[in-house]
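Inside the fold
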Amino acid sequence: MPKQPPSSPLLRFLYENSLLLVGFALVLATMVGQTLTGWHDYNGELEQMQLAPLTLGQYLGSGHFLEATFENWESEFLQMGVYVVLTIWLRQRGSSESKKLYEDEEIDQEPDPTKPDAPGPVKRGGWQLALYRRSLSLAFFLLFFGSVWLHARGGAEVYNIEQQHQGKPTVTLLEYMGTSRFWFESFQNWQSEFLSIVAIVGLSIFLRQHGSPQSKPVDASHDETGD
C-alpha cells in the first residue's frame with residue numbers, strides 16, 4: 001500500500017529530497033573538517049620551510065587545498081563515469097548492480113517524444129536528444145577532466161614551493177603533469193574507486209541490505225540478476 005505524503009509542504013520537501021540533502025550535509029561537514037585540518041597541517045609544513053603561515057582565507061585559495069580536494073574528486077567522477085558506461089554493455093550474473101542477463105530492459109528502449117512528461121530534449125529530438133541521451137556520462141567525464149586540471153594546478157604550486165625551498169628549478173603545469181608524483185597521486189585514488197566498483201558488484205551477489213535499492217530483495221536467490 002502506498003505511503004501517504006506528509007501534509008506539511010516543508011516536511012514533504014525534506015522527505016522527497018532527503019537523500020540529496022543528507023548527502024550535501026555530509027559533503028559540507030567533511031569539507032569543513034578537511035579544510036581546518038589541512039590548513040593546520042600545511043602551516044606546519046610551511047613553518048618547517050621557514051615560510052609565512054597562511055590565513056584560512058589564503059589557504060582556501062592555495063595549491064595545497066586545491067590538490068587535496070580535487071585529486072579525490074577526480075577519482076570519484078572517473079569511477080561514476082566509467083561505471084555508468086560499463087553497465088550499458090557488461091553484465092554480472094547475480095548482481096543487483098547489473099542489468100538482467102538476457103531480458104530486454106526499459107532503459108534500453110528508444111525515447112518516446114510523445115510522452116506528456118518527457119524532458120524537453122526528448123521532445124525536440126535531433127542533436128539535443130543525441131546529447132541528452134548521453135548527458136550523464138558526459139557530465140561525469142567533464143567533471144573528471146576539470147578536477148584533473150585543478151588537481152594538477154594545485155599540485156604544481158605546492159611542488160614549486162618545495163622546489164624553490166630546495167634550490168631546485170620550478171616546473172610548468174604540463175611539466176608537473178609529467179612527474180611521477182602527479183601520477184602516483186592519481187593512480188592511488190583511481191584504483192581505490194575501481195575497487196569499490198568490484199566490491200559493490202561482487203558483494204551484492206551474495207549479501208543483502210533490507211530496504212536499500214542497491215540490494216536485491218533479502219529472499220532473492222544468489223543467481224537473480226538486476227534489481
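Let me begin by describing the structure that accompanies this report. (Residues numbered from 1 in each chain as written. Predicted model: local features only at pLDDT ≥ 70, side-chain atom pairs only at ≥ 80, totals over all residues. Heavy atoms only, no water.)

1. Some thoughts on the nonpolar core
Phe77, Leu78, Phe140, Phe144, Val148, Ala152, Ala156, Tyr159, Tyr176, Phe182 and Trp190 together form the largest nonpolar core, which totals 11 residues. Listed by contribution, the elements that provide at least two residues to this core are α4 (63-89), α7 (135-165) and α9 (180-206). By residue number, the principal contributor to this core is α7, which donates 6 residues. Apart from residues no more than four positions distant in its own chain, Tyr159 is found in contact with Val171, Tyr176 and Arg181. (Core = buried A, V, L, I, M, F, W, Y, C linked by side-chain atoms within 4.5 Å. Buried < 20%, exposed > 50% of the residue type's maximum accessible area, 1.4 Å probe, protein only. Helix = DSSP H or I, 4+ residues; strand = E, 2+ residues; numbered from the N terminus. Contact = heavy atoms within 4.5 Å.)

2. A look at unusual backbone geometry
Positive phi, close to 60°, is recorded for Gln50, a residue that is not glycine. Looking at the element boundaries, Gln50 is found in the loop between α2 (18-48) and α3 (56-60). On the basis of relative accessible area, Gln50 is assigned to the exposed category, the value being 75%.

3. Quick notes on the environment of Asp41
By the secondary structure assignment, Asp41 is in helix α2. Among the residues examined, Asp41 registers a relative accessible area of 44% and is labelled partly exposed. Between the C-alpha atoms of Asp41 and Leu28, which are 13 residues apart in sequence, the distance is 20 Å.

4. A closer look at a nonpolar patch on the surface
A contiguous nonpolar surface patch, about 470 Å² in accessible area, is contributed by Leu10, Leu11, Phe13, Leu14 and Leu21. At 4 residues, the largest contribution of residues to the nonpolar patch is made by helix α1 (residues 9-16). (Patch = residues over 30% accessible without salt bridge, like charges linked within 9 Å, V, L, I, M, F, W, Y side chains within 5 Å. Areas by Shrake-Rupley, 256 points an atom, 1.4 Å probe, with all protein chains shown as cover. Salt bridge = Lys/Arg side-chain N within 4 Å of Asp/Glu carboxyl O.)

5. Here's the deal with the pattern of salt bridges
Per the counting criterion, the structure on display carries 6 salt bridges. With a closest N to O distance of 2.6 Å, Arg181 and Glu162 form a salt bridge. Within this pair, whereas Arg181 is found in helix α9, its partner Glu162 is found in helix α7, the two being separated by 19 residues in sequence. For Glu162, a relative accessible area of 22% corresponds to the partly exposed category. The partner of Arg181 in a salt bridge is Glu185, and the shortest N-O contact between them spans 3.8 Å. Linking Arg181 with Glu185, this pair stays in helix α9, spanning 4 residues, or about one helical turn. The exposure class assigned to Arg181 is partly exposed, which follows from its relative accessible area of 24%. It is possible to trace a salt-bridge network through shared partners that takes in Glu162, Arg181 and Glu185.

All quantities given are derived from atomic positions and should not be read as evidence of function.
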